[in-house]
Amino acid sequence: MRHQTIHPPAEPGTLNEAEVRGTAVPPAEFRSVMSAYTTGVCIACSLDEDGAPSGLTVNSFTSVSLVPPIVSLCIGLGSRTLMDFRRAGVFAVNILAVDQIPLAQACAARELNWEEVALTTWETRAPIISRAVAALDCRIVADHEAGDHAILLGQAAKVGWLRRDVAVLTYHRGRYGTAPPELEIPPGA
Ligand SMILES: Cc1cc2nc3c(=O)[nH]c(=O)nc-3n(C[C@H](O)[C@H](O)[C@H](O)COP(=O)(O)O)c2cc1C
């Protein structure tokens, strides 16, 4: 696994110190503007040192490469679960359905009772949530630190749909929502 720290771009003489450190954009403004970008909601799961499920709610999940199939997750450096992900070397991304808001909330608040969640495993030992819409079972192939987050790159060992017929959960402007499976494309568009 490669470890690399990505620093903000520094052009001597063109940026002041605050800009180089990235403080020219206040965190609240950055968070607000990023909330305009609608995402899905996932629970990323791995295993703790005792082999028990460990996970966090994420919306920083994205596809990186098709061949080989690689995805990324950004996890706060202060996160407890980040240590578990790094130790286990694997994670599963579970893409949530609209009826899984309580699961997303409990996981984000660290109040999830994993014994009440139906789980399975695929290729790696990472927990797959049986009632997720779809999941990707990954091995960590790179780990970069950027600012206050780690970017974990995972190569999918197996991917699959679990509930194709259900609407997904979305996150936009700090609120949960959902997306219709398809939109009408206006004539001539
Ligand atoms: C919708 C939503 C999306 C989130 N996305 C992320 C994320 O991408 N990365 C992250 O580090 N935390 C994210 N969080 C916060 C974590 O789920 C939460 O703070 C978590 O419990 C991390 O702390 P822990 O790993 O120490 O338990 C998100 C929370 C919510 C509700």
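Residues numbered from 1 in each chain as written. Predicted model: local features only at pLDDT ≥ 70, side-chain atom pairs only at ≥ 80, totals over all residues.

Draft legend 1. Molecular detail of the overall build of the protein chain. Counting secondary structure elements, the protein chain contains four helices and 13 strands. When the 189 residues of the protein chain are sorted by exposure, 28% land in the buried category. A fraction of 64% describes how many contacts in the protein chain between residues 6 or more apart in sequence connect residues 24 or more apart. (Helix = DSSP H or I, 4+ residues; strand = E, 2+ residues; numbered from the N terminus. Buried ≥ 20, exposed ≤ 12 C-beta atoms within 10 Å, placed from the backbone. Contact = placed C-beta atoms within 7 Å.)

Draft legend 2. Quick peek at the pairing of strand 12 (residues 169-172). Burial along strand 12 is one-sided: Leu169 and Tyr171 are buried, while Thr170 and His172, pointing the other way, are not. As paired elements, strand 2 (residues 39-40) and strand 12 share two bridges and run antiparallel to each other. Bridge pairing in strand 12 places threonine 39 opposite tyrosine 171. As paired strands, strand 12 and strand 13 (residues 175-178) are joined by four bridges and run antiparallel to one another. The partner of histidine 172 across the bridge, within strand 13, is arginine 175. What sits between strand 12 and strand 13 in their antiparallel hairpin is a turn of two residues, with arginine 173 showing a positive phi close to 50°. (Pairing = 2+ DSSP bridges.)

Draft legend 3. Broad picture of the site of the ligand. Close to the ligand lie 15 residues; Val58, Ser60, Ser79, Arg80 and Thr81 are nearest. Where the shell around the ligand is concerned, the elements lending two or more residues are strand 4 (53-58), strand 6 (70-76) and helix 3 (80-88). (Near = placed C-beta within 6 Å.)

Draft legend 4. The arrangement of the sheet that holds strand 12 in detail. Ordered in space as 2-12-13, the three strands form an open sheet in which the pairing is antiparallel. If you trace the sheet from one side to the other, it starts and ends with strand 2 and strand 13, each paired once.

Draft legend 5. Quick peek at the pairing of strand 3 (residues 42-47). Across the six residues that make up strand 3, a large majority, six, are buried. The alternating pattern of strand 3 places Cys42, Ala44 and Ser46 and Ile43, Cys45 and Leu47 on opposite faces, both of which are buried. In this antiparallel pair of consecutive strands, strand 3 and strand 4, the connection spans five residues, and glycine 51 shows a positive phi of 85°. Here four bridges tie strand 3 to strand 7 (residues 90-95), and the two strands are oriented antiparallel to one another. Pairing of cysteine 45 across the sheet is with alanine 92, part of strand 7.

Draft legend 6. Molecular detail of the environment of histidine 144. In this fold, histidine 144 is placed in strand 10 (residues 134-146). Considering only alpha carbons, one finds histidine 144 and cysteine 74, 70 residues apart in sequence, at a separation of 9.4 Å.

Draft legend 7. A look at unusual backbone geometry. At the junction of valine 67 and proline 68, the peptide bond is cis and its omega measures out at 0° in the coordinates. With respect to the secondary-structure elements, proline 68 resides in the loop between strand 5 (62-65) and strand 6. One non-glycine residue, arginine 110, adopts positive backbone phi at about 60°. Take arginine 110: there are 11 C-beta atoms within 10 Å of it, and that puts it in the exposed class. The backbone of arginine 173 shows a phi angle near 50°, a positive value even though the residue is not glycine.

The values reported here are purely geometric and, on their own, carry no functional implication.
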